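What follows is the residue order along each chain.
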Amino acid sequence: MTERTVLVTGGSGGLGGAVTATFLRSGWRVVAPGREGDADDHGDGDQPVRVVADLLTPEGAARAVEAATTDPAAPLRAVVNLVGGYASGGLVHETPIEEFDRMLRLNLRPTYLVTRAALPHLVAAGDGAVVCVSARAAVAPFPGAAGYATAKAAVRAFADAVAVEYRQRGVRCNTVLPSVIDTPANRAAQPDADHRRWVPPAEIAAVIHFLASAESAPTSGAGIPVYGRA
């Protein structure tokens, strides 16, 4: 029987599948919110609990957290924020404000809303971890993706703020910064790249699992590079 729950947003994506599988293998109850059109699924020991929730809204975030806190035998102990998006385009003066806003909305808003909704439960338990996904672009931007780099830098800053505010309340918050993740979507978008240099999702998932586990109890406010060979 599982004794702890992790809420994984973006659990059906290229990285999310590896993250949910890693937690399930180690005995966690996994709740993975889905998009509208998906069906709720109560899951079992081998599958995550699926709940339909729009994580861009406070109501959707609250619904996801509610699903993660309904099993008293497996209280919520970790939140993994994977939801985000990427877009590249022109230089800053060529980028419409709407596109810049979209990157902030996709990457920062769900992370903020879900974390905000989950924190009272983690604080009440006196123990818990939040893991956010930033990107190497947050510390090493490249041309044509100012909105994405800014949004991912904001995710890291938000995680650092959570770490500071909740350190004395038993809640840790850390960030991982991937380079290019070796997913089918990225391979299709960059067929001529050297995929051997990219970081496999399973390797990032192992780092995320560590940051959510008791083994990383002394660690909070860290930004962990997960670059592979890129």
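Conventions and cut-offs
Residues numbered from 1 in each chain as written. Predicted model: local features only at pLDDT ≥ 70, side-chain atom pairs only at ≥ 80, totals over all residues. Heavy atoms only, no water. Core = buried A, V, L, I, M, F, W, Y, C linked by side-chain atoms within 4.5 Å. Buried < 20%, exposed > 50% of the residue type's maximum accessible area, 1.4 Å probe, protein only. Helix = DSSP H or I, 4+ residues; strand = E, 2+ residues; numbered from the N terminus. Phe/Tyr/Trp six-rings, centres within 6.5 Å; stacked < 30°, edge-to-face > 60°. Lys NZ or Arg CZ within 6 Å of the ring centre and 35° of its normal. Salt bridge = Lys/Arg side-chain N within 4 Å of Asp/Glu carboxyl O. 1 Å grid on protein atoms, 1.4 Å probe; cavity = no way out; pocket = protein on both sides within 12 Å on 5 of 7 lines; lining within 4 Å. Points joined across faces, edges and corners; volume = space filled by probe spheres on them. Nonpolar A, V, L, I, M, F, W, Y, C, P; charged D, E, K, R; others polar. Expected span 1.5 Å × (residues − 1). Contact = heavy atoms within 4.5 Å. Pairing = 2+ DSSP bridges. Axes fitted to C-alpha atoms, helices over the stretch in contact; angles between N-to-C directions.

Among the nonpolar cores identified, the biggest contains 28 residues, and Leu7, Val31, Leu76, Val79, Val130 and Cys173 are the most heavily contacted of them. For this core, the elements supplying multiple residues, two or more each, are β3 (49-52), α2 (58-68), β4 (76-81), α4 (109-125), β5 (128-133), α5 (146-166) and β6 (171-178). Tallying contributions element by element places α5 first for this core, with six residues. In this structure, Phe23, Leu24, Ile208 and Val226 belong to the second largest nonpolar core, which totals 23 residues.

Our focus in this paragraph is the packing of aromatic side chains. What the rule picks out here adds up to three aromatic pairs. Ring plane angle 85 degrees and centroid distance 4.8 Å describe the contact between Tyr86 and Tyr148, whose orientation is recorded as edge-to-face. Separated by 62 residues along the polypeptide, Tyr86 in the loop between β4 and α3 (97-107) and Tyr148 in helix α5 bring together distant segments of the chain. The ring of Tyr227 has Arg136 sitting right over it, with the charged end atom 4.7 Å from the ring centre.

Two side chains with opposite charge may pair up if their charged atoms get near one another. Taken as a whole and judged by the stated rule, the model has five salt bridges. Measuring nitrogen to oxygen at the nearest pair gives 3.0 Å for the salt bridge that ties Arg196 to Asp194. You can call Asp194 partly exposed: its relative accessible area is 32%.

Let us look at the side chain of Thr175. Note that Thr175 resides in strand β6. Classification of Thr175 as buried rests on a relative accessible area of 0%.

Looking now at the layout of surface pockets. Taken as a whole, the largest pocket encloses approximately 1400 Å³ of empty space. Forming the walls of the largest pocket are 42 residues, and the residues nearest its centre are Leu82, Val83, Gly84, Gly85 and Tyr86. Considering every element that reaches the lining of the largest pocket, the biggest residue donor is helix α6 (residues 184-189), with four residues. Along the lines of polarity and charge, the residues of the lining of the largest pocket split into 22 nonpolar, 14 polar and six charged.

Further remarks concern helix α1 (residues 14-25). Look at α1: 18 Å from first C-alpha to last across 12 residues, which is about the 16 Å you get at 1.5 Å a residue. Where α1 is concerned, the buried positions are Leu15, Gly16, Ala18, Val19, Thr20, Thr22, Phe23 and Leu24. Against β1 (5-9), β2 (29-34), β4 and α7 (201-212) lie the buried residues of α1.

Looking now at the side chain of Thr111. When you line up the elements, Thr111 lands in helix α4. Classification of Thr111 by relative accessible area gives buried; the value is 3%. Discounting chain neighbours no more than four positions away, the residues touching Thr111 are Asn81, Val83, Cys132 and Phe158.

Once that is clear, we can look at the sheet that holds β1. Within the open sheet, the seven strands sit side by side as β3-β2-β1-β4-β5-β6-β7. Their pairing is parallel. The open sheet has two free edges, formed respectively by β3 and β7 (223-226), since each of these has just one partner strand. The mean angle between the axes of side-by-side strands here comes to 20 degrees, regardless of whether they run parallel or antiparallel. With five bridges connecting them, β1 and β4 associate as parallel partners. Residue Val8 lies in a different strand from β4, and its bridge partner there is Val80.

The analysis is restricted to geometry; functional conclusions fall outside its scope.
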